[in-house]
Amino acid sequence: MPSLLAPSESTIRKALAEFQIDADAAQVGQIQEYVKLLLAWNEKVNLTAIRDPLDILYRHFCESMFLSKVADLSKCRLADIGTGGGFPGLPLKILVPETELFLVDSSVKKATFLAEVVRTLGLSDVHVLVSRYDELGEEIAPVDFLFARALGEFGPFLHWAAGVDVDAKKVALWLGAGDVKEVEKVEGWTWDEPVAVPQSLRRVILLGSRSPS
């Protein structure tokens, strides 16, 4: 059975360093608190299938925060679609606190957890929305970055994201390298070269910008 203790400060710093991520003592403490909440709530609410705290640190926190090495998020409005346990949105909010963040999930139980994380960590400018993403528009518009990390079908999401109601400038997708070509076929977007996620076999971050109409 894996330990249910949050990783130590030194373990967190070591993991972040492998992703070239710098964090101060307060941010490391927020990560620890977040992991504790996730482990406690996961016993009752299925927030993540990953149970080992070290795997949670790498897969959920480091992989989420790695976007900050790929894109400039400072002072941006961000929307995390299908956020689940708050990934990638909340780890990025911890790392880049001056952002405004919308967390979107259709589960009331998950939204309750997210609100508890936001309160416990003392985060500001975070909005938890209980909704299907395709029912949203002006509630989150205009958006600088839309995130999607756990969506099964990217086509409908990207068509929605390109709509005038959402007015998303860019999207960031976490996906398997084998899915990139399929995503790049979706019209309305111009794609950067995929960036390999450190410490993963074939996961990448793919950035897209709205194509000129």
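Residues numbered from 1 in each chain as written. Predicted model: local features only at pLDDT ≥ 70, side-chain atom pairs only at ≥ 80, totals over all residues. Heavy atoms only, no water.

Lay out the overall build of the chain in plain terms, naming residues and giving numbers.
Scanning the chain for helices and strands turns up 8 helices and 8 strands. Whereas a compact globule of 213 residues would reach a radius of gyration of roughly 17 Å, the chain reaches 16 Å, a difference of no more than 12%. With the C-alpha coordinates aligned to their principal axes, the bounding extent of the chain is approximately 50 × 35 × 30 Å. Put simply, the chain has 213 residues, and 49% of those count as buried. (Helix = DSSP H or I, 4+ residues; strand = E, 2+ residues; numbered from the N terminus. Rg over C-alpha atoms; globule rule 2.2 N^0.38 Å. Buried < 20%, exposed > 50% of the residue type's maximum accessible area, 1.4 Å probe, protein only.)

Let's hear about the nonpolar core: which residues, and what values?
In terms of nonpolar packing, the biggest core is built from 51 residues, with Y34, L67 and L90 touching the most fellow members. The leading source of residues in this core is helix α2 (residues 25-42), at 7 residues. If you look at the next biggest cluster of nonpolar residues, it comprises 28 residues, including F102, A148, A161 and V166. (Core = buried A, V, L, I, M, F, W, Y, C linked by side-chain atoms within 4.5 Å.)

Give a description of the packing of α2 against helix α6 (residues 108-121) that names residues and reports values.
Geometrically, a packed helix pair is captured by the angle between its two axes and the distance between the axes. With their axes 10 Å apart at the nearest point, α2 and α6 run at an angle of 150 degrees to one another. Judged by the angle between their axes, α2 and α6 are roughly antiparallel. Along this stretch, α2 crosses α6, giving a crossing that reads as right-handed. Across the interface between the two elements, Q30, E33, Y34, L37, L38 and W41 of α2 pack against K109, T112, F113, E116, V117, T120 and L121 of α6. (Axes fitted to C-alpha atoms, helices over the stretch in contact; angles between N-to-C directions. Parallel < 35°, antiparallel > 145°, perpendicular 65-115°, else oblique. Left-handed = near helix turned anticlockwise from the far one by under 90°. Contact = heavy atoms within 4.5 Å.)

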